[in-house]
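In case you want the letters, here they are:
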Amino acid sequence: MRIVRYSRNEAIRYGIIDEKEVVELVGDPLFAGFETTGERIPLAEITLLAPSIPRSKVVCVGRNYRDHAAEFGNEAPAEPMLFLKPNTSVIGPDDAIVRPPQSQRTDFEGELAVIIGRVAKNVPADKALDYVFGYTIGNDVTARDLQKSDGQWSRAKGFDTFCPLGPIIETEFDLDGGARVITRVNGEVRQDGPISDMVHSVPDIIAYASAAFTLLPGDVILTGTPAGVGEFGAGDVVEVEIAGLGILRNTARNA
(Lines give C-alpha, C1' and ligand atoms only; values in the text may rest on other atoms or scores of the structure.)
Protein backbone atom coordinates (compact mmCIF):
# COMPACT_ATOMS: atom_id res chain seq x y z
CA MET A 1 0.00 0.00 0.00
CA ARG A 2 1.43 3.36 -1.05
CA ILE A 3 0.60 6.12 1.41
CA VAL A 4 1.04 9.82 0.66
CA ARG A 5 0.67 13.05 2.58
CA TYR A 6 -0.35 15.90 0.32
CA SER A 7 -1.79 19.38 0.06
CA ARG A 8 -4.81 20.36 -1.99
CA ASN A 9 -6.84 23.56 -1.80
CA GLU A 10 -4.66 24.72 1.12
CA ALA A 11 -5.57 21.65 3.18
CA ILE A 12 -3.24 18.82 4.18
CA ARG A 13 -4.58 15.30 3.72
CA TYR A 14 -3.47 11.67 3.61
CA GLY A 15 -4.30 9.17 0.91
CA ILE A 16 -3.59 5.87 -0.79
CA ILE A 17 -2.25 5.90 -4.35
CA ASP A 18 -4.38 3.87 -6.76
CA GLU A 19 -2.81 4.11 -10.22
CA LYS A 20 -3.24 7.77 -11.27
CA GLU A 21 -5.51 8.74 -8.40
CA VAL A 22 -5.32 9.22 -4.65
CA VAL A 23 -8.01 7.70 -2.45
CA GLU A 24 -8.44 10.20 0.37
CA LEU A 25 -8.16 8.96 3.95
CA VAL A 26 -10.12 10.31 6.91
CA GLY A 27 -6.89 11.17 8.75
CA ASP A 28 -3.30 10.25 9.45
CA PRO A 29 -3.26 6.45 9.02
CA LEU A 30 -0.73 6.10 11.83
CA PHE A 31 -3.51 7.08 14.22
CA ALA A 32 -6.79 6.93 12.29
CA GLY A 33 -6.28 3.73 10.30
CA PHE A 34 -7.21 3.35 6.64
CA GLU A 35 -10.81 4.55 6.61
CA THR A 36 -11.47 6.52 3.42
CA THR A 37 -13.70 9.51 2.71
CA GLY A 38 -14.76 8.01 -0.62
CA GLU A 39 -13.20 10.86 -2.58
CA ARG A 40 -10.73 10.16 -5.41
CA ILE A 41 -8.40 12.88 -6.61
CA PRO A 42 -6.17 12.84 -9.70
CA LEU A 43 -2.48 12.82 -8.80
CA ALA A 44 -2.03 15.84 -11.04
CA GLU A 45 -4.18 17.91 -8.68
CA ILE A 46 -2.16 17.37 -5.50
CA THR A 47 1.22 18.47 -4.16
CA LEU A 48 3.16 15.73 -2.39
CA LEU A 49 4.57 16.56 1.04
CA ALA A 50 6.97 14.74 3.32
CA PRO A 51 5.01 11.52 3.97
CA SER A 52 5.77 11.63 7.71
CA ILE A 53 6.61 14.46 10.10
CA PRO A 54 8.22 12.79 13.10
CA ARG A 55 6.56 13.66 16.40
CA SER A 56 9.89 13.60 18.17
CA LYS A 57 12.96 12.65 16.13
CA VAL A 58 14.80 11.29 13.15
CA VAL A 59 17.20 8.55 14.23
CA CYS A 60 20.18 8.11 11.92
CA VAL A 61 22.79 5.37 11.63
CA GLY A 62 26.31 6.38 10.70
CA ARG A 63 28.78 4.25 8.71
CA ASN A 64 26.30 1.44 8.16
CA TYR A 65 27.81 0.43 4.81
CA ARG A 66 31.42 -0.78 4.93
CA ASP A 67 32.33 0.86 1.63
CA HIS A 68 31.04 4.22 2.85
CA ALA A 69 32.97 3.93 6.11
CA ALA A 70 36.08 3.03 4.12
CA GLU A 71 35.82 6.01 1.76
CA PHE A 72 36.39 8.29 4.78
CA GLY A 73 39.10 6.07 6.21
CA ASN A 74 36.93 4.56 8.95
CA GLU A 75 36.02 1.07 10.08
CA ALA A 76 32.39 -0.03 10.17
CA PRO A 77 31.30 0.12 13.84
CA ALA A 78 30.62 -3.09 15.73
CA GLU A 79 27.32 -1.62 16.98
CA PRO A 80 25.03 0.88 15.23
CA MET A 81 26.41 4.41 15.47
CA LEU A 82 23.37 6.55 16.25
CA PHE A 83 22.78 10.28 15.96
CA LEU A 84 19.66 12.42 15.71
CA LYS A 85 18.24 14.99 13.35
CA PRO A 86 15.54 17.40 14.58
CA ASN A 87 12.10 17.08 13.02
CA THR A 88 12.51 20.66 11.79
CA SER A 89 15.05 19.36 9.27
CA VAL A 90 12.35 17.41 7.38
CA ILE A 91 11.15 18.56 3.96
CA GLY A 92 9.25 16.82 1.19
CA PRO A 93 9.63 16.02 -2.50
CA ASP A 94 10.57 19.00 -4.68
CA ASP A 95 11.16 21.25 -1.66
CA ALA A 96 14.41 23.18 -1.77
CA ILE A 97 17.47 22.07 0.16
CA VAL A 98 18.82 25.33 1.57
CA ARG A 99 22.60 25.51 1.82
CA PRO A 100 23.41 27.54 4.96
CA PRO A 101 25.92 30.39 4.86
CA GLN A 102 27.89 28.76 7.70
CA SER A 103 28.98 25.91 5.41
CA GLN A 104 31.10 25.79 2.28
CA ARG A 105 30.34 22.14 1.50
CA THR A 106 27.03 20.31 1.58
CA ASP A 107 26.92 16.59 0.75
CA PHE A 108 24.12 14.21 -0.24
CA GLU A 109 23.63 10.83 1.44
CA GLY A 110 20.83 8.74 -0.09
CA GLU A 111 19.25 6.28 2.34
CA LEU A 112 16.41 3.87 3.01
CA ALA A 113 14.13 5.36 5.67
CA VAL A 114 11.96 3.40 8.11
CA ILE A 115 8.73 4.83 9.55
CA ILE A 116 7.87 3.59 13.03
CA GLY A 117 4.21 2.61 13.41
CA ARG A 118 3.72 2.20 17.16
CA VAL A 119 5.43 2.90 20.45
CA ALA A 120 8.61 0.84 20.63
CA LYS A 121 10.74 0.38 23.73
CA ASN A 122 13.20 -2.47 24.35
CA VAL A 123 11.99 -4.26 21.23
CA PRO A 124 13.78 -7.56 20.45
CA ALA A 125 15.19 -7.83 16.94
CA ASP A 126 12.99 -10.79 16.04
CA LYS A 127 9.89 -8.67 16.74
CA ALA A 128 11.20 -5.36 15.42
CA LEU A 129 9.49 -5.36 12.02
CA ASP A 130 6.12 -5.59 13.80
CA TYR A 131 6.72 -1.97 14.85
CA VAL A 132 7.34 -0.69 11.33
CA PHE A 133 4.57 1.19 9.55
CA GLY A 134 6.41 1.38 6.24
CA TYR A 135 9.40 2.60 4.28
CA THR A 136 10.34 5.67 2.30
CA ILE A 137 13.45 7.40 0.92
CA GLY A 138 15.63 9.85 2.82
CA ASN A 139 18.56 12.12 2.12
CA ASP A 140 20.85 12.70 5.10
CA VAL A 141 22.14 16.08 3.91
CA THR A 142 25.37 16.98 5.68
CA ALA A 143 27.46 20.12 6.02
CA ARG A 144 30.67 18.14 5.69
CA ASP A 145 33.04 20.92 6.68
CA LEU A 146 31.09 21.62 9.86
CA GLN A 147 30.93 17.91 10.66
CA LYS A 148 34.71 17.90 10.69
CA SER A 149 35.26 21.20 12.49
CA ASP A 150 32.58 20.72 15.15
CA GLY A 151 33.82 17.31 16.23
CA GLN A 152 30.22 16.07 16.55
CA TRP A 153 27.40 15.92 14.05
CA SER A 154 24.32 17.68 15.43
CA ARG A 155 24.72 21.04 13.69
CA ALA A 156 26.21 19.63 10.49
CA LYS A 157 23.27 17.31 9.93
CA GLY A 158 20.49 19.23 11.66
CA PHE A 159 19.99 22.40 9.62
CA ASP A 160 16.49 23.15 8.41
CA THR A 161 15.82 21.29 5.10
CA PHE A 162 18.61 18.75 5.75
CA CYS A 163 16.26 15.73 5.85
CA PRO A 164 14.28 15.35 2.61
CA LEU A 165 11.79 12.45 2.82
CA GLY A 166 9.41 10.91 0.30
CA PRO A 167 7.72 10.62 -2.02
CA ILE A 168 5.58 7.81 -0.53
CA ILE A 169 5.42 5.37 2.35
CA GLU A 170 5.26 1.79 1.11
CA THR A 171 3.80 -0.49 3.77
CA GLU A 172 4.79 -3.71 1.97
CA PHE A 173 8.37 -3.00 0.93
CA ASP A 174 10.54 -6.13 0.69
CA LEU A 175 13.82 -5.65 2.54
CA ASP A 176 15.16 -8.80 0.88
CA GLY A 177 14.02 -7.93 -2.63
CA GLY A 178 17.36 -6.70 -3.93
CA ALA A 179 16.57 -2.97 -3.92
CA ARG A 180 19.44 -0.53 -4.35
CA VAL A 181 20.02 3.03 -3.19
CA ILE A 182 20.82 5.13 -6.25
CA THR A 183 21.65 8.82 -5.95
CA ARG A 184 22.04 11.18 -8.89
CA VAL A 185 23.16 14.78 -9.12
CA ASN A 186 21.90 16.51 -12.26
CA GLY A 187 21.22 13.08 -13.75
CA GLU A 188 24.70 11.65 -13.05
CA VAL A 189 24.81 8.56 -10.83
CA ARG A 190 26.94 9.17 -7.74
CA GLN A 191 25.78 6.35 -5.46
CA ASP A 192 24.57 2.86 -6.31
CA GLY A 193 24.58 0.25 -3.56
CA PRO A 194 22.27 -2.59 -2.48
CA ILE A 195 20.50 -2.23 0.85
CA SER A 196 21.61 -5.80 1.53
CA ASP A 197 25.09 -4.36 2.14
CA MET A 198 24.00 -2.77 5.42
CA VAL A 199 26.30 -3.73 8.28
CA HIS A 200 23.44 -3.64 10.79
CA SER A 201 20.01 -4.77 9.61
CA VAL A 202 16.77 -2.85 10.05
CA PRO A 203 15.58 -5.17 12.87
CA ASP A 204 18.92 -4.86 14.67
CA ILE A 205 18.84 -1.07 14.37
CA ILE A 206 15.32 -0.86 15.79
CA ALA A 207 16.25 -3.15 18.67
CA TYR A 208 19.41 -1.16 19.44
CA ALA A 209 17.75 2.26 19.21
CA SER A 210 14.67 1.28 21.21
CA ALA A 211 16.90 0.03 24.00
CA ALA A 212 18.21 3.58 24.34
CA PHE A 213 15.10 5.69 23.81
CA THR A 214 11.43 5.17 23.09
CA LEU A 215 10.49 5.29 19.42
CA LEU A 216 7.15 6.95 18.74
CA PRO A 217 4.69 6.53 15.85
CA GLY A 218 5.92 8.63 12.95
CA ASP A 219 9.54 8.64 14.06
CA VAL A 220 11.94 8.03 11.19
CA ILE A 221 15.07 5.90 11.08
CA LEU A 222 17.63 6.63 8.37
CA THR A 223 19.55 3.41 7.90
CA GLY A 224 22.85 4.61 6.46
CA THR A 225 24.27 5.41 3.06
CA PRO A 226 26.40 3.50 0.55
CA ALA A 227 29.70 4.75 -0.85
CA GLY A 228 29.83 7.64 -3.26
CA VAL A 229 28.64 10.53 -1.11
CA GLY A 230 29.70 13.88 -2.42
CA GLU A 231 29.15 17.56 -2.76
CA PHE A 232 26.31 19.44 -4.39
CA GLY A 233 25.81 23.16 -4.96
CA ALA A 234 23.13 25.73 -5.53
CA GLY A 235 20.98 24.86 -8.54
CA ASP A 236 21.89 21.17 -8.47
CA VAL A 237 19.09 18.60 -8.60
CA VAL A 238 19.63 15.70 -6.20
CA GLU A 239 17.62 12.52 -6.79
CA VAL A 240 17.56 9.43 -4.57
CA GLU A 241 15.86 6.36 -6.05
CA ILE A 242 14.96 3.03 -4.46
CA ALA A 243 12.96 0.56 -6.54
CA GLY A 244 9.50 0.17 -5.08
CA LEU A 245 9.67 3.51 -3.27
CA GLY A 246 10.05 5.91 -6.17
CA ILE A 247 12.36 8.89 -6.61
CA LEU A 248 12.96 11.63 -4.05
CA ARG A 249 13.94 14.77 -5.94
CA ASN A 250 15.09 18.11 -4.48
CA THR A 251 16.83 21.15 -5.90
CA ALA A 252 19.41 23.02 -3.83
CA ARG A 253 19.70 26.76 -3.33
CA ASN A 254 21.77 29.05 -1.19
CA ALA A 255 20.18 30.71 1.84
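By convention here, each chain's residues receive numbers from 1 onward along its written sequence. Owing to the predicted nature of the model, reporting of local features is limited to residues with pLDDT of at least 70; listing and counting of side-chain atom pairs is limited to 80 or more, with chain, interface and lining totals taken over all residues. Note that water and hydrogens are dropped before the side-chain values are worked out from all heavy atoms of the structure.

A. Structural view of the sheet that holds strand β15 (residues 180–185). Judged by pairing direction, the sheet is mixed, and its five strands sit side by side in the order β9-β20-β19-β15-β16 without closing on themselves. In the strand order of this sheet, the two ends are held by β9 (97–99) and β16 (188–194), each with one partner. Between one strand axis and the next, the sheet turns by 20° as a mean value, whatever way the strands run. Relative to strand β19 (residues 237–242), β15 runs antiparallel, the two sharing four bridges. Residue pairing across strands places Arg-184 opposite Glu-239, the latter belonging to β19. DSSP bridges decide pairing: two strands pair if at least two such bridges lie between them. In DSSP terms, a helix is any run of H or I states spanning at least four residues, a strand is any run of E spanning at least two, and both are numbered starting from the N terminus. Axis geometry follows a simple rule: fit a line to the C-alpha atoms, using only the stretch in contact for helices, then measure angles between N-to-C directions, giving values from 0 to 180 degrees.

B. Representation of the nonpolar core. Here, nonpolar core refers to any group of buried Ala, Val, Leu, Ile, Met, Phe, Trp, Tyr and Cys residues whose side-chain atoms link them within 4.5 Å. Each residue is placed in one exposure class: buried if its accessible area under a 1.4 Å probe, protein chains only, is under 20% of its type's maximum, exposed if it is over 50%, and partly exposed if it falls in between. Counting residues in each nonpolar core, the largest one holds 28 residues, and the members touching the most others are Leu-112, Phe-173, Ile-195, Ile-206, Ile-221 and Ile-242. At the level of secondary structure, the elements contributing two or more residues to this core comprise β6 (58–62), β11 (110–116), β12 (132–139), α5 (202–212) and β19. No other element matches α5, which puts four residues into this core. Core analysis: the second largest hydrophobic core is formed by 18 residues, Ile-3, Ile-16, Leu-25 and Val-90 among them.

C. Geometry of the pairing of strand β2 (residues 11–18). Alignment of strand β1 (residues 2–8) against β2, held across six bridges, turns out to be antiparallel. Paired with Tyr-6 across the bridge in β2 is Arg-13. Taking the residues that link successive antiparallel strands as the turn, the β1-β2 hairpin has two residues, and the phi of Asn-9 there is positive, at about 55°. Where β2 lies against strand β3 (residues 21–25), four bridges are found, and the strand directions are antiparallel. Looking at β3, one finds that Ile-16 is bridged to Val-23. Taking the residues between adjacent antiparallel strands as the criterion, β2 and β3 are bridged by two residues, where Glu-19 takes a positive phi near 55°.

D. Looking closely at the state of the cysteines. Note on terminology: pairs of cysteine sulfur atoms within 2.5 Å are recorded as disulfides. On inspection of all chains with the given rule, the structure shows zero disulfides. Cysteine Cys-60 remains unbridged, with the sulfur of Cys-163 as its closest cysteine sulfur at 6.3 Å. Note on Cys-60: relative accessible area 0%, which makes it buried.

E. Local environment of the pattern of salt bridges. Any Lys or Arg side-chain nitrogen located within 4 Å of an Asp or Glu carboxyl oxygen qualifies as a salt bridge. The final tally for this structure, using the stated rule, is 18 salt bridges. A salt bridge links Asp-18 to Arg-40; the shortest N-O distance between them is 2.9 Å. Of the two residues, Asp-18 sits in strand β2 while Arg-40 sits in strand β4 (residues 36–42), which places them 22 residues apart along the sequence. Between Glu-239 and Arg-249 there is a salt bridge, and its shortest N-O distance comes to 2.6 Å. Taken together, the residues span a long stretch of sequence, with Glu-239 in strand β19 and Arg-249 in strand β20 (residues 246–254) at a distance of 10 residues. Residue classification places Arg-249 among the partly exposed positions, given a relative accessible area of 33%.

F. Looking closely at the sheet that holds strand β10 (residues 106–108). Here we have three strands laid out as an open sheet, ordered β13-β10-β18, and antiparallel in their pairing. Two strands in the sheet have a free side with no partner beyond their single neighbour: β13 (142–143) and β18 (230–232). Inspection of the sheet shows β10 paired to β18 by three bridges, in the antiparallel sense. Residue pairing in the sheet places Phe-108 in a bridge with Gly-230 of β18.

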